[in-house]
Amino acid sequence: MTAGQNGDGADRASLQQEENAMSKLGQVVESVENYNKFVLDQVKRARTDQKFGRDLLGRWNDTKAKIPFTRTPTGVPLPRLALPEIDEPGEIARFIFGEGLPGQFPYLNAAYPEMYLEPIREIESFEKNGDKTGKKIPQPEEPTRLFSGLMLAEDTNERFHYLTRHQRTHRLSTAFDGPTLYGLDSDADGVFGKIGEGGVAIDTVEDMVRLYDGFDLGSPNFSASMTISGPAPMIMAMYIAAARRRFGPKVVPKLRGTVQADIFKEVQAQNETIFPIEPSLRFLTDMVEFTTRDMPRWYPISISGYHIGEAGSTPVQQAAYTLSNGFAYAEMFAARGIPVDQFGPRLSFFLDCGLDAEYIALSRVSRRIWAIGMRDVFGAGPRAQLCKLHTQTSGRSLIAAEFKNNLTRTATELILSYMNATNSCHSNSADEPFTTPSEEWIRLAAHGQAILLEESGIFKHTMNMLSGSPGMKAVERAVEAAILEEFREIERLGGVLSAVEERYQRSQIQNAAHKYEQQIYDGTRPIIGLNKYRDGDDDAPEVKLARTPRAKQQLQVDRLRKFKKKNAEKAKRALDELAAVAERGKNVFPALLEAAEVCSLGQITGRLQEVVGRFRPMV
């Protein structure tokens, strides 16, 4: 062996050691950079390898020839998919490999081939007969997900029925009150005045039954989302228990929806955590292990950037921390032994959409990074590569001053969300700076999506209608580079968990929030009606506040105490078994399912805290 060969061997050994030492997140950065080089190589190859170039051009022309056409109400023909007008093999390679068609790797343009499009109608038959055909045209699922939570379970249930009156599919998102978010019962000391405030009070399986009364939980047209993280495994167990009470045990595999359950974003941005971080992650993984095996239509975690954004992060920070948290969860679930192609398709994401320029492409870039990382680092198949995304318009962008302007802000954010091909979307109500949304304003918020998706022709005729502009591409490049730079810093700190322990994400969010407020104060960030074009009227508008009557709060306490008294002996046995399972280090979720039938949320939380301790908030 020559000296040169010996040196090469040492270099390879050194590289192998570096790769072994590199965390999954570092490997994601490397995989995205390598993929970008691969795209450039494909562009060069298409321009120098004539056969490869001809094959690409043939593929491109074949794809374009197969795109069906539809007509606008005024009769203008439009393709169901808009593609750039290019015939140069290098640029075709850049699009196919760098972006992908909708529904194709790396999913920049969309997770699925068609989204929001109205069904193809039998245009020729209509034109020949001058009338509609008798054939029923299948309707796609609406992407609108409506969010509510107020007072007691029956009050929120009434609001859910109000919101879904005109929906083909019922996609409900549930907000919980403060005591529930912290795993406390409504009869706990000091929480009486918070019962049903800012969300719905849920203490027992009986409350969960009331919450979704009248909805077919096992229907393919029903989906429930629950915005809760610390007590997510207990709330999830109560939801399953409620479904079994109403529809029997066979309904469990049919249940469809998601529970937020994102512990990392809690310690980074919110602090609504009830157990120390490691036990919290363990209980989360227990739930994921159960649901991915027994509930194939359920998303057991919604990896949330929304609350990171609402806490004050920049758009890039929001995406970077959300994606890095997602990769950390993937690593954790894989370490438990759950196959990536089993848990990967059951991960979902939740992002904020504000008015900053980065939001023009933030979700598109996030989808691309996730797909590359899952494929090349975790070995995931196509279904596990998809970044399936729920978007909510920015609550932070809503302003109390001249609050009706919030309608315009939310409408703009909706356009940005759908430009990014979000899978589902919630639009905030204009009166949210003051109170839980009233029926009037929440109806207007829902109508905003209906106007955009159904009344306007922006999204219902053609995929990629607003994608691919030079400006959007510039934002994509800048955002991707900035996200990878954040990944490198988290990697330098030892990974997501180490960065959390050093308060890196929290401190960066706080710094960004301070800068945001300073920009409003000095006028460099214009807020119409607040620091610019203000009419001088400082009088607060008359807005009726949604408050939970004291009688309802007392009713919740009385129901809870009656439930505890009725199930006292069964609850003791269930809690003892739950504690024993937790102490043995076994999967606690089956024991949680049993406890949820006879125990309150606070009883379960308290007993588990005796075993694993309490979370100490970061300050």
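Fair warning: this is a prediction, and the values are worked out from it, not measured in the lab.

### Observations regarding the overall build of the chain
Within the chain, the regular secondary structure consists of 24 helices and 11 strands. By the compact-globule yardstick of 25 Å for 619 residues, the chain fits well, its C-alpha radius of gyration being 26 Å. Its C-alpha atoms give the chain principal-axis dimensions of roughly 80 × 80 × 60 Å. For the chain, the residues scored as buried account for 54% of the 619 residues in total. Within the chain, counting contacts between residues at least 6 apart in sequence, those at least 24 apart form 78% of the total. Carbon and sulfur atoms provide 52% of the accessible area of the chain, an area that totals close to 27,300 Å². For the chain, the centre of its 77 positive side-chain charges and the centre of its 81 negative side-chain charges are spaced 5 Å apart.

### What to know about the nonpolar core
In terms of nonpolar packing, the biggest core is built from 155 residues, with Met208, Tyr212, Tyr239, Phe327, Ile483 and Phe487 touching the most fellow members. The dominant element in this core, judged by the number of residues it contributes, is helix α9 (residues 232-247), at 11 residues. Apart from the residues within four sequence positions on either side, Phe327 is in contact with Leu25, Val28, Ile369, Trp370, Gly373, Met374, Phe378 and Phe487. If you look at the next biggest cluster of nonpolar residues, it comprises 5 residues, including Tyr162, Leu163, Ile442 and Ala446.

### With respect to the sheet that holds strand β8 (residues 301-304)
Taken in spatial order, the 4 strands of this open sheet run β8-β9-β10-β11, and their pairing is parallel. Unpaired on one side and paired on the other, β8 and β11 (424-426) mark the two borders of the sheet. Ignoring strand direction, the axes of neighbouring strands in this sheet form an average angle of 25°. Summarising the sheet, strand β10 (residues 389-393) and β11 pair through 3 bridges and their orientation is parallel. Looking at β11, one finds that Gln392 is bridged to His426. The strands touched by helix α16 (residues 406-419) are β9 (347-353), β10 and β11; relative to β10, the strand with the most contacts, the crossing angle is about 165°.

### Observations concerning the sheet that holds strand β5 (residues 222-227)
Read from one edge to the other, the open sheet built from 5 strands follows the order β3-β4-β5-β6-β7, with strand pairing classed as parallel. Edge positions in the sheet fall to β3 (146-148) and β7 (298-299), since each of these pairs with one other strand and no more. Both β5 and strand β6 (residues 257-259) contribute to a ladder of 3 bridges, which runs parallel. By the bridge assignment, Ala224 is partnered in β6 with Gly257. Each of β5, β6 and β7 is contacted by α9, which is oriented at about 150° to β5, the strand it contacts most.

### Points about helix α22 (residues 568-584)
The end-to-end C-alpha distance of α22 is 25 Å, a good match for the 24 Å that 17 residues give at a rise of 1.5 Å each. Ala571, Ala574, Leu575, Leu578, Ala579, Val581 and Ala582 are the residues of α22 that are buried. Relative to the axis of α22, the buried residues are bounded by an arc of 160° and lie together on one face. For α22, exposure combined with an orientation more than 90 degrees from the buried face picks out Glu569, Lys572, Arg573, Glu583 and Arg584. Taken together, the buried residues of α22 touch α11 (277-294), α23 (589-598) and α24 (601-612). With its phi angle positive at about 80°, Gly585 sits one or two positions after the end of α22.

### Things to note about the environment of Gly26
Checked against the element boundaries, Gly26 lands in helix α2 (residues 24-48). A residue is classified by how much of its surface remains accessible, and Gly26, at 9% relative accessible area, is buried. In this structure the C-alpha to C-alpha distance between Gly26 and Ala401, which are 375 residues apart in sequence, comes to 44 Å.

Conventions used here
Residues numbered from 1 in each chain as written. Predicted model: local features only at pLDDT ≥ 70, side-chain atom pairs only at ≥ 80, totals over all residues. Heavy atoms only, no water. Helix = DSSP H or I, 4+ residues; strand = E, 2+ residues; numbered from the N terminus. Rg over C-alpha atoms; globule rule 2.2 N^0.38 Å. Buried < 20%, exposed > 50% of the residue type's maximum accessible area, 1.4 Å probe, protein only. Contact = heavy atoms within 4.5 Å. Areas by Shrake-Rupley, 256 points an atom, 1.4 Å probe, with all protein chains shown as cover. Lys, Arg positive; Asp, Glu negative; His and termini not counted. Charge placed at Lys NZ, Arg CZ, Asp CG, Glu CD. Core = buried A, V, L, I, M, F, W, Y, C linked by side-chain atoms within 4.5 Å. Pairing = 2+ DSSP bridges. Axes fitted to C-alpha atoms, helices over the stretch in contact; angles between N-to-C directions. Expected span 1.5 Å × (residues − 1). Arc of directions from axis to C-beta.

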